[in-house]
Amino acid sequence: MFTGIIEEIGRVEAVEPAGDDIRLRVSGAVVTSDAGHGDSIAVNGVCLTVVELGGGSGGPDGAPGWFTADVMPETLTHSSLGALEVGSPVNLERAVRAGGRLGGHIVQGHVDGVGEVLARTPGDRWEVVRVGVPAELARYVVHKGSVTLDGVSLTVSDLSDAGASAPWLEVSLIPETLTRTTLGDAPVGTTVNVEVDVVAKYVEKMVGATR
């Protein structure tokens, strides 16, 4: 489980096709500092399993640590990871420790779909970002509720009317988010991974079962 509080911006070092899946190699000094084989690291909001580790303080020229992870066809179909290239910046977060602070909200790292940045409206030190979301996910999004975009826990500040043919949501990015996540440099047209609040999905299932 994750909280949507990004620990660092990492970088894709390699993308290795392996049949219908790929293996990513990602550098990130913070998330690899105490990582082990089989640990979970969220990459742009997608929970991936560490396969290999290397680099770090003992690496050549003091290079930052890196890890590799396999990305299966299901993940490639329902996320934007398949579009990553060597050099792409990515949001990274380690799995939360039991007993740790839940700084954002409950994030599973199980992406529900892909959205698109539709507009950016700058303020004095912040920006309002509008993101188009798949129609099948819009029912789980509520005003002032939580949503995860590329692994970042955010509060919905506005959203389209119920039943809109092209639903969207808006989030307000504070200076910290603009500086410390990839959302700060995501231009209009950028695809982002969307994970809705899992609580909403459980409530829908339970209510449906009682009807």
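Residues numbered from 1 in each chain as written. Predicted model: local features only at pLDDT ≥ 70, side-chain atom pairs only at ≥ 80, totals over all residues. Heavy atoms only, no water.

With an unreviewed UniProt entry as reference, the chain is termed Riboflavin synthase, source organism Kytococcus schroeteri. According to the UniProt record, the Subunit (unreviewed entry) comment for the chain is "Homotrimer." (UniProt positions renumbered as here; feature names shortened; annotations may be inferred.)

Engineer: How do you make sense of the overall build of the chain when you look at a structure like this?
Structural biologist: Assigned secondary structure in the chain consists of four helices and 13 strands. Over its C-alpha atoms the chain spans a radius of gyration of 17 Å, differing by no more than 12% from the 17 Å that the globule rule assigns to 211 residues. Its C-alpha atoms give the chain principal-axis dimensions of roughly 55 × 45 × 40 Å. Expressed as a percentage of the 211 residues in the chain, the buried residues total 42%. Relative to all contacts within the chain whose residues are 6 or more apart in sequence, the contacts with residues 24 or more apart total 68%. When the accessible surface of the chain is split by element, carbon and sulfur atoms take 52% of a total near 10,800 Å². (Helix = DSSP H or I, 4+ residues; strand = E, 2+ residues; numbered from the N terminus. Rg over C-alpha atoms; globule rule 2.2 N^0.38 Å. Buried < 20%, exposed > 50% of the residue type's maximum accessible area, 1.4 Å probe, protein only. Contact = heavy atoms within 4.5 Å. Areas by Shrake-Rupley, 256 points an atom, 1.4 Å probe, with all protein chains shown as cover.)

Engineer: Is there a simple way to explain the domain arrangement of the chain in this structure?
Structural biologist: The figure often quoted for interface size is the accessible area lost as the parts come together. Split into domains, the chain comes out as domain 1 (8–94) and domain 2 (113–207). A buried area of about 800 Å², summed over both sides, lies between domain 1 and domain 2, and 45% of it is on carbon and sulfur atoms. The interface formed by domain 1 and domain 2 includes zero salt bridges. Between the two partners, domain 1 and domain 2, sit four residue pairs in polar contact (both at pLDDT 80 or more). Looking at the side of domain 1 that touches domain 2 element by element, the count peaks at four residues for strand E7 (residues 89–94). Each residue belonging to the side of domain 1 that touches domain 2 can be placed in one class, and the counts come to five nonpolar, six polar and one charged. (Domains from an automatic or database assignment. Buried area = accessible area lost by both parts, 1.4 Å probe. Salt bridge = Lys/Arg side-chain N within 4 Å of Asp/Glu carboxyl O. Polar contact = N/O pair within 3.5 Å; in protein donor to acceptor, adjacent residues only side chain to side chain. Nonpolar A, V, L, I, M, F, W, Y, C, P; charged D, E, K, R; others polar.)

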